[in-house]
Amino acid sequence: MINNLKRKIILIVTLSLSVIMIGVTVFFAVNSYRETVNQAGIMVDRFIGDKGPDNNDNRMPIEENATPRTFDLEEDIEGVYRFSVSNGEAAAVSGNAESDIKELAQQAAEKSADNGIIKNYIYRKRVIGDKTDITLIESADSIKNLNINIIVIFTVCVFSVLLIFFISKKITNTIVKPVEETFSKQKQFISDASHELKTPLAVIEANAGVLETEIGENKWINYIHNEIESMNKLVNDLLLLAKSEDIKQSTKDIFDLSKTVELTAAGFEGLAFEKGVKIQFEIEKELKMQGNGEDIKHIVSTLTDNAIKHTEKDGIVSVMLKKHKNEYIIEVKNEGEEIKEEDRERIFERFYRVDKARNRAEKRYGLGLSIAKQCAQKYNGDIKVYCKDGVTTFRVTLISK
């Protein structure tokens with residue numbers, strides 16, 4: 001649980017600051033691009049002059065106090081090529097243009113932007129009637145410098161995001177450390193208290209047994225035995241809860257997952273028979289995984305037991321196991337009353353019980369699903385519940401390594 005909290009904090013902080021950093025990076029990259037294009041355009045404007053608003057000239061304005069030099073359209077300017085494009089065909093107006101440059105002019109005419117970069121040229125576009133005036137400005141050095149600037153900007157962005165991640169991780173560990181220590185002490189207290197409770201419960205049970213042999217069976221002694229049984233189950237669940245909170249797997253043996261799931265669920269066939277419920281199996285054979293088989297047994301036994309108890313007579317409980325890519329998927333379905341939508345997330349909380357009176361009578365304290373979820377999280381997995389058309393499905397995902 002603490003590790004999940006750490007991951008969420010790191011993710012939120014890293015994503016938030018990274019979005020800002022990426023936004024700033026894109027702004028500077030776009031600004032550099034526009035500056036390069038505009039500077040080339042201003043240079044050409046100084047040569048060919050400002051034609052004025054009546055000429056429908058949508059080029060960038062000339063810098064303030066700059067004196068334009070007007071050239072005839074036919075005059076060549078080194079590195080500048082002008083074309084008139086009509087019906088997809090480019091005709092040279094000035095500049096000794098080769099065929100590949102004409103193709104670039106035709107491509108520039110099809111672009112929506114009035115200026116931009118195409119290969120090693122900066123283009124300027126102006127629509128005049130049914131023709132498009134294209135100016136290509138050779139700017140290999142400027143474009144090379146622009147590309148270098150953009151690469152530097154994005155490299156700085158990547159390193160900044162990595163730095164944000166490591167700083168977020170360091171800050172998160174510092175912030176969460178007191179919580180982690182408190183949680184660890186709480187877990188240790190639960191474990192110690194549960195162990196301490198076992199001894200007096202064993203003494204009470206032994207004395208109740210002796211008393212029963214002395215005075216015979218009666219309802220008061222039966223009450224004592226029932227409460228001892230209830231308390232023993234609660235103590236065992238608390239010990240299992242404290243153990244399950246240790247995300248590190250106690251063993252890393254390779255075990256037969258298929259047999260573990262099938263045998264665990266099959267152990268409830270007697271309970272199912274008493275209630276008139278049928279268990280169906282759909283188990284993919286020969287599936288093996290690394291971990292602790294006891295974790296899987298607890299998950300399957302908890303889900304199967306719950307499914308049987310919430311299935312009406314003549315209903316069906318289905319237990320399925322399959323593998324999809326690197327995920328092992330366990331599903332336990334049962335027909336019966338659906339879990340209310342507002343309870344579907346809360347049922348995995350500790351000590352949460354939908355029907356408190358019924359669960360108390362059945363000696364259920366709302367720990368089973370919480371422990372099962374923590375067992376699944378040991379394998380980077382989770383448990384989700386889905387309800388549709390009177391069928392409740394608990395789906396467990398376990399990630400293989």
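Residues numbered from 1 in each chain as written. Predicted model: local features only at pLDDT ≥ 70, side-chain atom pairs only at ≥ 80, totals over all residues. Heavy atoms only, no water.

## Observations regarding the overall build of the protein
Scanning the protein from terminus to terminus reveals 9 helices and 12 strands. Here the protein, with 401 residues, has 40% of them falling under the buried criterion. Roughly 24,000 Å² of accessible area belongs to the protein as shown, and the carbon and sulfur atoms make up 54% of that amount. (Helix = DSSP H or I, 4+ residues; strand = E, 2+ residues; numbered from the N terminus. Buried < 20%, exposed > 50% of the residue type's maximum accessible area, 1.4 Å probe, protein only. Areas by Shrake-Rupley, 256 points an atom, 1.4 Å probe, with all protein chains shown as cover.)

## So, the pattern of salt bridges
Counted by the stated rule, this structure contains 12 salt bridges. Ionic pairing is found between Asp133 and Arg126, a salt bridge with its closest N-O pair at 3.6 Å. With a closest N to O distance of 3.4 Å, Asp295 and Lys378 form a salt bridge. Highlighted residues: Asp295 in helix α7 (residues 293-309) and Lys378 in the loop between α9 (368-377) and β11 (382-388), separated in sequence by 83 residues. The exposure class of Asp295 is buried, given its relative accessible area of 7%. For Lys378, a relative accessible area of 7% corresponds to the buried category. Ionic contacts of the salt-bridge type, sharing partners, join the residues Arg82, Arg126 and Asp133 into one network. (Salt bridge = Lys/Arg side-chain N within 4 Å of Asp/Glu carboxyl O.)

## Section: unusual backbone geometry
The residue Lys119 is not glycine, and still its phi comes out positive at about 55°. Notably, Asn380 is not glycine yet its phi reads approximately 55°, a positive angle. Mapped onto the elements of the fold, Asn380 is located in the loop between α9 and β11.

## Concerning the packing of α7 against α9
At a minimum axis separation of 9 Å, α7 and α9 run at an interaxial angle of 145°. Helix-helix and strand crossings are classified by hand; for α7 and α9 the assignment is left-handed. Of α9, the residues touching α7 (which contributes Asp295, His298, Ile299, Thr302, Leu303 and Asn306) are Gly368, Leu369, Ile371, Ala372, Cys375 and Ala376. Split into classes, the residues belonging to the contact of α7 with α9 amount to 7 nonpolar, 4 polar and 1 charged. (Axes fitted to C-alpha atoms, helices over the stretch in contact; angles between N-to-C directions. Left-handed = near helix turned anticlockwise from the far one by under 90°. Contact = heavy atoms within 4.5 Å. Nonpolar A, V, L, I, M, F, W, Y, C, P; charged D, E, K, R; others polar.)

## Focus: α7
Working note: α-helix, 3.6 residues per turn, so residues spaced by three or four point in the same direction. Spanning 17 residues, α7 covers 24 Å between terminal C-alpha atoms, matching the ideal 24 Å at 1.5 Å per step. The element α7 is largely enclosed, with a buried count of 13 among its 17 residues. The N-cap residue of α7 is Asn292: its side-chain oxygen and the backbone nitrogen of Glu294 are 3.0 Å apart. (Expected span 1.5 Å × (residues − 1). Polar contact = N/O pair within 3.5 Å; in protein donor to acceptor, adjacent residues only side chain to side chain.)

## A short note on the packing of helix α5 (residues 257-266) against α7
Closest axis-to-axis distance for the α5/α7 pair is 9 Å, and the angle between their directions is 35°. Remark: the crossing between α5 and α7 carries right-handed chirality. In this structure, α5 uses Leu257, Thr260, Val261, Thr264 and Ala265 to contact α7, whose residues at the interface are Gly293, Ile296, Lys297, Val300, Ser301 and Thr304. Within the contact of α5 with α7, the residues separate by chemical class into 5 nonpolar, 5 polar and 1 charged.

## A closer look at the side chain of Glu331
Tracing the backbone shows Glu331 in strand β10 (residues 327-335). Look at Glu331 and you get buried, because its relative accessible area is 7%. Those residues in contact with Glu331 that sit more than four places away from it in its chain are Ser318, Val319, Met320, Thr393, Phe394 and Arg395.

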